[in-house]
Amino acid sequence: MEHKWLEDFLILAETRSFSRAAELRHVTQSAFSRRIQALEQWLGAPLLDRSSYPVALTPEGRHFRETAEEVVRLLNAQRHGPDSKPLPVITTAALHTLSITFFPQWLAGIRNRIGPCTSKVMSDNFLICIQTLIEGGYDFLMTYAHPSVPIPLDPARFVHLVIGQDSLLPVSVPNLKAPILDGRLPLLQYSRGSFLGLITAQAQRQEGAPATYLAHTNENSMAEALKYMVLAGHGMAWLPRSLIVDEVASGRLIVVGPELQMEIRLYRSAERSRRFLDQVWQAAAQGYAKPA
């Protein structure tokens, strides 16, 4: 087995595309495919389900990914000298907003408790983050949660901690450019079926929520994109408080209805256990106390 085969496999597991992985590895797709096949032959097990699109890891592939990551990390550390000790890595799939507003200070708290470590974050939409955790590509999932929206993870296989709180606030600029129709505010909404979109639907049903009409739909479901549409005066939107705290404090945005509380959760697989993962989990549990 060659070291480069492991790196090939890890790139493929992350991109889930033979063409993209081959491009990143600077080889032709046919040569890249042969190297992956050689790794599977050496292991004596199929690592990829090639019948799906994008390609998916088999159960053997998900198990081997963790081994490959550790081997590559140790080999790369050895290149820097026999006395160098590789730092452990916290790998986290996180919703876009949380990767900006919450993850940096959360990581600082973890480092204060467990010592030096490196980190790797994949910031993406909810379903992709869920799939990444299930396939074993990342050790942790950081997401919002609300009782009205189920998390599609088997609680027997994936455990969680509550590590923070946030809320959705309905906000707009003081002077809207978009028209108010029969007392209804123009609504800027997330794409249909998106995670924050589902929570927003619950928020919109609250007593005291503003009457609205649909003015714009953001198909990529990023709260950050809706925030700038709101600031430009195109309408109101339900945005995480953590994303707009400065704008609300300065008066650039005003709150036009009741907020909806959300939990911030950290998920991990109960089937994956390493000493370092357990240390991070314990540190995360110690770092947050639920409000009374």
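Whatever comes next refers back to the structure up there.
Cut-offs applied
- Residues numbered from 1 in each chain as written.
- Predicted model: local features only at pLDDT ≥ 70, side-chain atom pairs only at ≥ 80, totals over all residues.
- Heavy atoms only, no water.
- Axes fitted to C-alpha atoms, helices over the stretch in contact; angles between N-to-C directions.
- Helix = DSSP H or I, 4+ residues; strand = E, 2+ residues; numbered from the N terminus.
- Parallel < 35°, antiparallel > 145°, perpendicular 65-115°, else oblique.
- Contact = heavy atoms within 4.5 Å.
- Phe/Tyr/Trp six-rings, centres within 6.5 Å; stacked < 30°, edge-to-face > 60°.
- Buried < 20%, exposed > 50% of the residue type's maximum accessible area, 1.4 Å probe, protein only.
- Lys NZ or Arg CZ within 6 Å of the ring centre and 35° of its normal.
- Pairing = 2+ DSSP bridges.
- Right-handed = clockwise from strand over helix to strand, strands pointing away.
- Core = buried A, V, L, I, M, F, W, Y, C linked by side-chain atoms within 4.5 Å.
- Arc of directions from axis to C-beta.
- Expected span 1.5 Å × (residues − 1).

**What to know about the packing of helix α1 (residues 3-15) against helix α3 (residues 29-43)**
- For the pair α1 and α3, the least separation of the axes is 9 Å and the interaxial angle reads 110°. Here α1 lies roughly perpendicular to α3, going by the angle between them. Here Lys4, Trp5, Leu6, Asp8, Phe9 and Leu12 of α1 lie close against α3, whose contacting residues are Phe32, Arg35, Ile36, Ala38, Leu39 and Trp42.

**What to know about the packing of aromatic side chains**
- Enumeration according to the criterion identifies five aromatic pairs in this entry.
- Centre to centre, the rings of Phe18 and Phe32 are 6.1 Å apart; their planes meet at 80°, and the pair counts as edge-to-face. Residue Phe18 is found in helix α2 (residues 18-24), and its partner Phe32 is found in helix α3; the two are separated by 14 residues along the sequence. Of the two residues, Phe18 and Phe32, neither departs from the other in class, the shared state being buried.
- Looking at Arg268, its charged tip hangs above the ring of Trp281, at a distance of 5.5 Å from the centre.

**Structural notes on the pairing of strand β8 (residues 212-218)**
- Where strand β7 (residues 185-190) lies against β8, six bridges are found, and the strand directions are parallel. The residue bridging Leu185 from the neighbouring strand is Thr212, located in β8.
- In this fold, the crossover linking β7 to β8 by way of helix α8 (residues 195-204) has right-handed handedness.

**Examining the environment of Gln206**
- For Gln206, the position within the fold is in the loop between α8 and β8.
- Note on Gln206: relative accessible area 22%, which makes it partly exposed.
- Residues in contact with Gln206, not counting those within four places in the same chain, are Trp238, Pro258, Glu259 and Leu260.

**Remarks on the nonpolar core**
- Of all hydrophobic cores here, the largest spans 61 residues; its most connected members are Ile90, Trp106, Met142, Ile163 and Leu239.
- The contact partners of Ile163, leaving out residues within four places of it in the chain, are Phe102, Trp106, Met142, Ile264, Arg265, Leu266, Ala284 and Tyr288.
- The next biggest cluster of nonpolar side chains, apart from the first, holds 19 residues, and it includes Ala13, Ala21, Leu39 and Val72.

**A few points about helix α9 (residues 223-231)**
- Residues Ala223, Glu224, Leu226, Lys227 and Val230 constitute the buried set of α9. Looking straight down α9, one finds that the buried residues subtend no more than 160° of arc, so they occupy a single side.
- Gly233 sits one or two positions beyond α9 and adopts a positive phi of about 90°.

**Looking at helix α6 (residues 103-114)**
- Here α6 spans 16 Å end to end across twelve residues, near enough to the 16 Å set by a 1.5 Å rise per residue.
- Among all positions in α6, only Phe103, Trp106, Leu107, Gly109 and Ile110 are buried. All buried residues of α6 fall inside an arc of 160° around its axis, so they share one side.
- Remark: Gly115 follows α6 within two positions and exhibits a positive phi of approximately 100°.

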